[in-house]
Amino acid sequence: MFQGSRGASFAQMLMKNIPETSRRTEPSKPAATSNQPSKYTSYKQGTGSYKNGYAKPTASPKTLIEIYKKGETNAISLIHQLAQVLQFHLEMKETVTPGNLPGLYFAFCVVIDGFEYKTGVGITKKKARLKAAQLALPDLLPTLDCLKSDFPKAADVPPPLPAKEEYSISDLYPCKADHERTSPLNHRIPNAVKDQLTKLMNSHPEFTACAGTAAAFIMQTSGGYDVVALGTGNFNTKESTSLSGRVVHDSHAVVTARRSLMRFLYRHLLMFFSKTANLTEKSIFQRSSSSGLLTLKSGISLHLYVNQLPKGAAQIPSKLRLNPLSISAWQVNNEISLHLSVEGKVFSAFSSAYDHSASKVVSMSTTDKLTQWQVLGYQGALLSHFIEPVYVQSILIGDACCTDIRGMKISVSQRVEGVTSLLPMFYCMMRPHISLVPSVATNSTDGRQFTYGINWSEGDGSLEVVDGLEGKTIEESPFKSGTALASRLCKAAMSHRFKLVAKEAQRPELLAASSYSEAKMMAKAYQEAKNVLKAYLLQQGYGAWPVKVSVSDNFSV
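Here is what the cut-offs are and how they apply
Residues numbered from 1 in each chain as written. Predicted model: local features only at pLDDT ≥ 70, side-chain atom pairs only at ≥ 80, totals over all residues. Heavy atoms only, no water. Helix = DSSP H or I, 4+ residues; strand = E, 2+ residues; numbered from the N terminus. Buried < 20%, exposed > 50% of the residue type's maximum accessible area, 1.4 Å probe, protein only. Contact = heavy atoms within 4.5 Å. Areas by Shrake-Rupley, 256 points an atom, 1.4 Å probe, with all protein chains shown as cover. Phe/Tyr/Trp six-rings, centres within 6.5 Å; stacked < 30°, edge-to-face > 60°. Lys NZ or Arg CZ within 6 Å of the ring centre and 35° of its normal. Arc of directions from axis to C-beta. Pairing = 2+ DSSP bridges. Axes fitted to C-alpha atoms, helices over the stretch in contact; angles between N-to-C directions. Parallel < 35°, antiparallel > 145°, perpendicular 65-115°, else oblique. Left-handed = near helix turned anticlockwise from the far one by under 90°. Nonpolar A, V, L, I, M, F, W, Y, C, P; charged D, E, K, R; others polar. Salt bridge = Lys/Arg side-chain N within 4 Å of Asp/Glu carboxyl O. pLDDT = per-residue confidence, 0-100.

A short note on the overall build of the chain
In step 1: Along its length, the chain carries 16 helices and 18 strands.
In step 2: Expressed as a percentage of the 557 residues in the chain, the buried residues total 53%.
In step 3: Expressed as a percentage of contacts within the chain between residues at least 6 apart in sequence, the contacts between residues at least 24 apart total 66%.
In step 4: Taken as a whole, the chain presents about 25400 Å² of accessible surface, with 54% of it coming from carbon and sulfur.

Quick look at the structure:
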């Protein structure tokens, strides 16, 4: 049973994120000083995330490494201490065990500034974490040699701010200029997106004004970073719910990019199930012996880039005061609730400004969809018949007007950080690395293309342009699927690809589904995970996920 209420969940979140050195103490107790012993890092059980805010090691990185090599400390201690001294984002992430391992094992991997290292396994979580750290160090330590020898020491770091009577979002999350960090991921991914976007826009300069809202999925392999799906857009359709599945109801950039990613995944499933060995080998998928489903090949990971801070709870004002006794506490709690998107406008799930009786198409905000996908996976219900959940390891925000991503971190990670233990096997709350990076495009003021959005995925011959308010392809689009102008991203098109893969995979039970809705409901584990997530968000006080109009998915597959 889920526990918690709207007020309780906010109070827990508030106390959890105030650094220990900043919380108010009893008058009779002296404040902590640098001479008092304290821990290096605090580990949050269940999330695999380490939070800074404790005393840092006084030794230099070189000394810490020498101590480790002498066997006087273990790999986990060293990697935590390096994170403190060098100020990089460290995460010990629980992941899925490799498919060729029999029996019950736990699996963890070290993630540093969004870069994921080799997976360590063990019969206990403690042993798996240790193995992950041991596997990460041989790859990590050589990269430190290129840094300056005079590393910053703990004494060079400013002391923590004194406790205040009230706290703001900025107080709870010390600001870091993430886009200025030396992590290769934070520079190589935006460069890859910019190169692909420039290539597409050079081919069709008449749609350059659409580029400002860009979102893209990037696949990381040993060969580098490649953009595999891209989308732009900022609107929901003004049309009523389509009964044929041929209207795209949500054309926001991230949603468009995600549906383009699904097309990319379908393409590689067809390659895997083909009778041609060469195509099967080129597929990004491999068979998992533990689940019987397909999973991404070892060494492949996905990242998401967005050129605008997503609409919804991610845009919580950074300077709202968080004194739990003030009325602003309710305002903040309302800001981090679920949000609804209607014709490009966003409303809190608790807002009285939205007319719930109106017969308009309603979807969840982009932020809430990201929250959902980091739990259920980006593949959706239909693809989950064939593959294990697909998650992104990092979300990079290139919004030139954005200086604060704390709302994004709260919304995508903290709101659902306790849900993993309630989910069916192979599903989890995948906490992404979130940071600011350089922007790849500027927003246009061209009103003529204000409602347009483009989509593209690897393997496409050309881009498609969709009018977000109409939910259909425009006449001038370089790619058109037919005279009806139905987008290649619409549900009917996805249903067609689903049937092709089901046929190649020899899954007659899926081909027997009478409707798009029935095929989705047959994905039992996915639907169970979805119901758990919705119930968890409701019980935690973030609001109810809107019920989709059932007739919209009842067309024949």
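Some thoughts on the packing of aromatic side chains
Here a ring pair, both rings aromatic, is described through the centre-centre distance and the interplanar angle of the planes.
In step 1: By the definition in use, this model includes 5 aromatic pairs.
In step 2: Pairing Phe217 with Tyr378 gives two aromatic rings, centres 5.5 Å apart and planes at 75°, and the pair type is edge-to-face. With a gap of 161 residues between them, Phe217 in strand β6 (residues 215-221) and Tyr378 in the loop between α10 (366-376) and α11 (380-383) connect regions that are remote in the sequence.
In step 3: For Tyr378, a relative accessible area of 0% translates into the label buried.
In step 4: Between the NZ or CZ atom of Arg415 and the centre of the ring of Tyr542, over which it lies, the distance is 5.9 Å.

Considering helix α2 (residues 61-69)
In step 1: Every buried residue belonging to α2 is among Pro61, Leu64 and Ile65, and all of these are buried. Down the axis of α2, the sector holding all buried residues measures 100°, keeping them to one side.
In step 2: Phi turns positive, to about 80°, at Gly71, one or two residues after α2.

Examining the sheet that holds strand β12 (residues 345-348)
In step 1: A sheet is described by the order of its strands in space; here 3 strands give the open sequence β12-β11-β13, paired in antiparallel fashion. Both outer strands of the open sheet, β12 and β13 (363-364), are each paired with one neighbouring strand and no more.

Here's the deal with the packing of α10 against helix α16 (residues 524-539)
In step 1: Following both chains from N to C, one finds α10 and α16 inclined at 135°, their axes separated by 10 Å at the closest point. If you check the angle between α10 and α16, you find them oblique. Regarding α10 and α16, the two cross each other, and that crossing is right-handed. Together, Gln372, Val375 and Leu376 of α10 and Tyr526, Ala529, Lys530 and Leu533 of α16 make up the contact between the two elements.
In step 2: Its residues assigned to classes, the contact of α10 with α16 comprises 5 nonpolar, 1 polar and 1 charged.

With respect to the pairing of strand β3 (residues 90-94)
In step 1: Of all the 5 residues making up β3, 4 are buried; the element is thus mostly covered by neighbouring parts of the structure.
In step 2: In the sheet, β3 pairs with strand β4 (residues 106-112) via 5 bridges, with the strands oriented antiparallel. Note on β4: the bridge partner recorded for Glu94 is Phe108.

Some words on unusual backbone geometry
In step 1: Positive phi, normally seen in glycine, also occurs at Phe426, with a value near 80°.
In step 2: Note on placement: Phe426 falls in the loop between α12 (406-412) and β15 (433-436).
In step 3: A relative accessible area of 24% means that Phe426 is categorised as partly exposed.
In step 4: One non-glycine residue with positive phi stands out, namely Gln506, at about 60°.

Some words on the side chain of Thr451
In step 1: Within the secondary structure, Thr451 sits in the loop between β15 and β16 (452-457).
In step 2: Those residues in contact with Thr451 that sit more than four places away from it in its chain are Phe235, Val466, Asp467, Gly468 and Leu469.

Points about the environment of Ala493
In step 1: Within the secondary structure layout, Ala493 lies in helix α13 (residues 491-504).
In step 2: In sequence terms Ala493 and Ser481 are 12 residues apart; their C-alpha atoms lie 9.6 Å from each other.
In step 3: Excluding residues that lie within four positions of it along the chain, Ala493 makes contacts with Ser487 and Arg488.

A few points about the pairing of β15
In step 1: Because side chains alternate across β15, one face comprises the buried residues His433 and Ser435, and the other comprises Ile434 and Leu436, equally buried.
In step 2: Of the strand pairs in this sheet, strand β14 (residues 392-397) and β15 are connected by 4 bridges, and their pairing is parallel. The residue bridging Ser394 from the neighbouring strand is His433, located in β15.

As for the pattern of salt bridges
Opposite charge on two side chains allows them to pair when their charged atoms are near.
In step 1: For the coordinates displayed, the defined rule picks out 10 salt bridges.
In step 2: Among the ionic pairs, Asp404 bridges to Arg406, the shortest N-O distance being 2.6 Å.
In step 3: Exposure remark for Asp404: the relative accessible area of 13% places this residue in the buried category.
In step 4: Residue classification places Arg406 among the buried residues on the basis of a relative accessible area of 7%.
In step 5: Several salt bridges converge on common partners, so that one network encompasses Arg263, Arg267, Asp460 and Arg488.

Description of the sheet that holds strand β18 (residues 472-473)
In step 1: Ordered by their spatial adjacency, 8 strands build an open sheet running β15-β14-β10-β6-β7-β16-β17-β18, and the pairing between neighbours is mixed. Looking at strand neighbours, the two that pair on one side only are β15 and β18, the edges of this open sheet.
In step 2: Direction of pairing for β6 relative to strand β7 (residues 224-231): antiparallel, over a ladder of 7 bridges. By the bridge assignment for β7, Phe217 is matched with Ala229.
In step 3: Sheet strands in contact with helix α7 (residues 253-272) are β6, β7, β10 (301-306) and β16, and its direction is about 115° off that of β7.

Section: the packing of α7 against α10
In step 1: Look at α7 against α10: their axes get within 9 Å of each other, and the N-to-C directions meet at 35°. Contacts between α7 and α10 involve Val254, Val255 and Arg258 from the former and Thr366, Lys369, Leu370 and Trp373 from the latter.
In step 2: Classifying every residue of the contact of α7 with α10 by side-chain character gives 4 nonpolar, 1 polar and 2 charged.

Some details on the confidence of the model for the chain
In step 1: Averaged over the chain, the pLDDT score is 79; the fraction of residues at 70 or greater is 73%.
In step 2: Below pLDDT 50 for its whole length, residues 146-182 participates in 80 contacts with residues either more than four positions away or in separate chains.
In step 3: Across residues 321-329, where pLDDT falls below 50, the model places 21 contacts with residues more than four positions away in sequence or in other chains.

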